[in-house]
Amino acid sequence: MRSCLLATALAAAALGAQAQSATYAIDPTHTFVTFEATHFGTSTNRGRFDKKEGTVQFDRAGKSGKVDITIEAGSINTGVEPFNKHLQSKDFFNATEFPTIKFVGDKLTFDGDKVTEVAGQLTLLGKTLPVTLKSKQFNCYQNPMLKREVCGGDFETTIQRSQWGMTYGLPGIPDNVRLVIQVEAAKQ
C-alpha cells in the first residue's frame, strides 16, 4: 500500500512538472504589428505600430496558454507623417480618445509543439470582438545572447474595420484590413 501511494505521488509530481506554464515577455525589438489595406483599388497601404508590450503564458505540454498584447495607437507609423496624423485622428484610430489597442488570446490550437492558432478578443476603438490569428510559422529556440528560451512566430488575420466602427472612406478604402504580427517572447 505504501509503495502504491509513493508511486502515485511521484507520478503526480512528474505530471505537474511537465505541465507547468511559463511566462514569456514580448521582445519589442523582434515584435512588429503591421497592417495592409488596399487604397481605392490601386496600391496597398502598409504601416506598423512602433510601441507594443505584453506577455505570453505558454504551457506546451498542457497545450494551453494566454497572449496579452497592448499596442499604443498613437505609435502608428507609415513612414509618412501627414498620413500617420490622419490615421491617428477620429477618422481612423482616434488615438486621443482610445490610446491603446489590445489583443487577449486564451484559446491556443497546437499541432504537436507548434502553435497554429490563437483565438481571442481584439479591443479597438472601445469595442471588443473575437479575432483568430493563424500561425504561418512558430518555433522555440535557446537564444545564445539571452541564455534562455525564446518562442515566436508569424501570425495573421483579416478583419473588417467597420465592425469596430472605423467606417471612414468606405467603400473606396476597403473594409478588409490584413493584420500581420511578427512576435518573439523571451522566457522569464
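These figures come from a predicted structure and were not determined experimentally. (Residues numbered from 1 in each chain as written. Predicted model: local features only at pLDDT ≥ 70, side-chain atom pairs only at ≥ 80, totals over all residues. Heavy atoms only, no water.)

1. A closer look at the state of the cysteines
- Enumeration according to the criterion identifies one disulfide in this entry.
- Note that cysteine 140 is cross-linked by a disulfide to cysteine 151, the S-S spacing being 2.0 Å. Looking down the S-S bond of the cysteine 140 and cysteine 151 bridge, the torsion is 110 degrees, so its handedness is right-handed. Placement of the pair is cysteine 140 in strand S9 (residues 127–143) and cysteine 151 in strand S10 (residues 148–160), with a sequence separation of 11 residues. Each member of the pair, cysteine 140 together with cysteine 151, is buried. (Disulfide = S-S within 2.5 Å. Helix = DSSP H or I, 4+ residues; strand = E, 2+ residues; numbered from the N terminus. Buried < 20%, exposed > 50% of the residue type's maximum accessible area, 1.4 Å probe, protein only.)

2. Some words on the side chain of arginine 161
- Tracing the backbone shows arginine 161 in the loop between S10 and strand S11 (176–187).
- Buried within the structure, arginine 161 lacks any salt-bridge partner; aspartate 175 is the closest side chain of opposite charge, at an N-O distance of 4.6 Å.
- Looking at arginine 161, its side chain comes within polar contact range of the main-chain oxygen of isoleucine 173, at 2.8 Å.
- Discounting residues that sit within four places of it in the chain, arginine 161 has contacts with Phe92, Met166, Thr167, Tyr168, Gly169, Leu170, Ile173, Pro174, Asp175 and Val177. (Lys, Arg positive; Asp, Glu negative; His and termini not counted. Salt bridge = Lys/Arg side-chain N within 4 Å of Asp/Glu carboxyl O. Polar contact = N/O pair within 3.5 Å; in protein donor to acceptor, adjacent residues only side chain to side chain. Contact = heavy atoms within 4.5 Å.)

3. A look at the packing of aromatic side chains
- As enumerated under the stated definition, the model contains six aromatic pairs in all.
- Residues tyrosine 24 and phenylalanine 58 carry aromatic rings whose centres are separated by 6.0 Å and whose planes lie at 70 degrees to one another, so their mutual orientation is edge-to-face. With tyrosine 24 in strand S1 (residues 22–26) and phenylalanine 58 in strand S4 (residues 52–59), this pair connects stretches of sequence that are 34 residues apart.
- For the pair phenylalanine 35 and phenylalanine 49, a centre-to-centre distance of 6.3 Å together with 50 degrees between the ring planes defines the contact as tilted. (Phe/Tyr/Trp six-rings, centres within 6.5 Å; stacked < 30°, edge-to-face > 60°.)

4. Things to note about the environment of proline 174
- Among the structural elements, proline 174 can be located in the loop between S10 and S11.
- Along the chain, proline 174 and phenylalanine 40 lie 134 residues apart, while their C-alpha atoms are 7.2 Å from each other.

5. Describing unusual backbone geometry
- The amide bond that connects leucine 170 to the next residue, proline 171, takes the cis arrangement and shows omega of 0 degrees.
- Following the sequence through the fold, proline 171 ends up in the loop between S10 and S11.
- Backbone geometry at phenylalanine 40 places phi at a positive 50 degrees, although glycine is not the residue there.
- By secondary structure assignment, the location of phenylalanine 40 is in the loop between strand S2 (32–39) and strand S3 (43–49).
- Within the chain, asparagine 94 stands out as a residue other than glycine whose phi angle is a positive 45 degrees.
- Mapped onto the elements of the fold, asparagine 94 is located in the loop between helix H2 (81–88) and strand S7 (100–111).
- Overall, asparagine 94 belongs to the buried group, its relative accessible area being 10%.

These values are about where atoms sit, not about what they do.
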